[in-house]
Amino acid sequence: MPPSLLTAVAAIVAASFWLLARRRPTLGVALDSQAVAALNRAQIALVAGGAEPAAVTEADELAARSRPLLPVTARERAHFLRALTLQLAGPAPERLAAIEAAGVWGQRASLPLLARGLRDVDPAVVQAAARAMERFRGRSCAAGLQPPLPLPRNVARTR
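The structure displayed is predicted, hence computed values, not measured ones.

Q: Can you walk me through the overall build of the chain in this structure?
A: Assigned secondary structure in the chain consists of eight helices and zero strands. Of the regular secondary structure in the chain, the N- to C-terminal order runs α-α-α-α-α-α-α-α. A fraction of 52% describes how many contacts in the chain between residues 6 or more apart in sequence connect residues 24 or more apart. Within the structure as shown, the chain displays about 12,200 Å² of accessible surface, and the carbon and sulfur contribution to it stands at 64%.

Below you can see the structure in the form of structure tokens.
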């Protein structure tokens with residue numbers, strides 16, 4: 001087999017492995033259908049001009065805030081933390097929503113975000129962050145572990 005043909009075969013095999021090993025995006029896995037429906041209703045109301053779009057979207061936003069979509073996998077958790085960090089850089093209602101979502105989530109990974117919320121200029125955000133941090137007060141996870149058992153008196157004979 002000539003070296004150029006061997007190189008071409010190796011390149012084709014490497015390209016096929018790369019194409020088959022890539023992750024394909026899964027659409028609809030973390031899609032909140034109520035948020036999409038609320039957006040569609042608001043856009044239809046804007047186009048039709050019949051209903052008040054602000055009243056429709058406020059009610060849907062309150063419903064969406066009461067039940068945030070919580071992450072399950074590590075990838076979703078990282079994406080959720082990034083989204084919360086970006087929300088904390090926004091205006092006061094977005095910061096408040098981010099702190100409330102972090103409080104509902106209740107994971108230790110949200111503690112730095114909640115600590116940032118305690119230093120916010122908006123008192124509502126500070127209060128929400130303080131309420132969200134209540135569940136983390138008390139013993140830490142490391143303190144709850146059992147202490148190691150003491151060695152027996154005759155250690156020399158047990159080894």
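Anyway, onward from the coordinates.
Q: Would you mind showing me how to read the packing of helix 4 (residues 74-88) against helix 5 (residues 92-105) here?
A: Their axes nearest at 7 Å, the elements helix 4 and helix 5 cross at an angle of 150°. Classed by the angle they form, the pair helix 4 and helix 5 counts as roughly antiparallel. Where helix 4 crosses over helix 5, the two elements pack in a sense that is left-handed. Across the interface between the two elements, Arg77, Phe80, Leu81, Leu84, Gln87 and Leu88 of helix 4 pack against Glu94, Arg95, Ala97, Ala98, Ile99, Ala101, Ala102 and Trp105 of helix 5. Tallied by class, the residues present in the contact of helix 4 with helix 5 amount to 10 nonpolar, one polar and three charged.

Q: Would you explain the nonpolar core in this entry?
A: Buried together is how nonpolar side chains tend to be arranged in soluble globular proteins. One finds Phe80, Leu84, Leu88, Ile99 and Leu114 to be the most contacted residues of the largest nonpolar core, which totals 16 residues. Mapped onto this core, the elements with two or more residues apiece are helix 4, helix 5, helix 6 (111-118) and helix 7 (123-133). With residues near it in sequence (within four places) discarded, Leu88 still touches Arg95, Ala98, Ile99, Leu113 and Arg116.

Q: What is the right way to look at helix 6 in this model?
A: Residues three or four positions apart in an α-helix share a direction because the helix packs 3.6 residues into each turn. Where helix 6 is concerned, the buried positions are Leu113, Leu114 and Gly117. The buried residues of helix 6 occupy an angular sector of 100° when the element is viewed end-on, so they sit on one face.

Q: Looking at this structure, how should I read a nonpolar patch on the surface?
A: A contiguous nonpolar patch, built from Leu5, Val9, Val13 and Phe17 and spanning about 350 Å² of accessible area, is present on the exposed surface. Secondary-structure assignment places Val9 in helix 1 (residues 3-21). Under the relative-accessibility criterion, Val9 is labelled partly exposed at 37%.

Q: Looking at this model, I keep getting lost on the packing of helix 5 against helix 7. Mind explaining?
A: Helices that pack against each other are described as a pair by the angle of their axes relative to one another and the distance between those axes. At a minimum axis distance of 9 Å, the contact between helix 5 and helix 7 shows a crossing angle of 5°. Put simply, helix 5 runs roughly parallel to helix 7. Contacts from Ala92, Arg95, Leu96, Ile99, Glu100 and Gly103 of helix 5 reach helix 7 at Ala124, Val125, Ala128, Ala129 and Ala132. Taken together, the residues of the contact of helix 5 with helix 7 break down into eight nonpolar, one polar and two charged.

Q: Whenever I open this one, the confidence of the model for the chain confuses me. Can you help?
A: Low pLDDT means the predicted atomic positions in that stretch should not be read closely. With 70% of its residues at a pLDDT of at least 70, the chain reaches an overall mean of 78. Highest mean pLDDT in the chain belongs to helix 7 (93); lowest belongs to helix 3 (residues 53-66) (55).

Q: Looking at this structure, I do not really get the side chain of Ser110. What am I missing?
A: By the secondary structure assignment, Ser110 is in the loop between helix 5 and helix 6. Among the residues examined, Ser110 registers a relative accessible area of 0% and is labelled buried. At 2.7 Å, the side chain of Ser110 forms a polar contact with the backbone oxygen of Gln107.

Conventions and cut-offs
- Residues numbered from 1 in each chain as written.
- Predicted model: local features only at pLDDT ≥ 70, side-chain atom pairs only at ≥ 80, totals over all residues.
- Heavy atoms only, no water.
- Helix = DSSP H or I, 4+ residues; strand = E, 2+ residues; numbered from the N terminus.
- Contact = heavy atoms within 4.5 Å.
- Areas by Shrake-Rupley, 256 points an atom, 1.4 Å probe, with all protein chains shown as cover.
- Axes fitted to C-alpha atoms, helices over the stretch in contact; angles between N-to-C directions.
- Parallel < 35°, antiparallel > 145°, perpendicular 65-115°, else oblique.
- Left-handed = near helix turned anticlockwise from the far one by under 90°.
- Nonpolar A, V, L, I, M, F, W, Y, C, P; charged D, E, K, R; others polar.
- Core = buried A, V, L, I, M, F, W, Y, C linked by side-chain atoms within 4.5 Å.
- Buried < 20%, exposed > 50% of the residue type's maximum accessible area, 1.4 Å probe, protein only.
- Arc of directions from axis to C-beta.
- Patch = residues over 30% accessible without salt bridge, like charges linked within 9 Å, V, L, I, M, F, W, Y side chains within 5 Å.
- Salt bridge = Lys/Arg side-chain N within 4 Å of Asp/Glu carboxyl O.
- pLDDT = per-residue confidence, 0-100.
- Polar contact = N/O pair within 3.5 Å; in protein donor to acceptor, adjacent residues only side chain to side chain.

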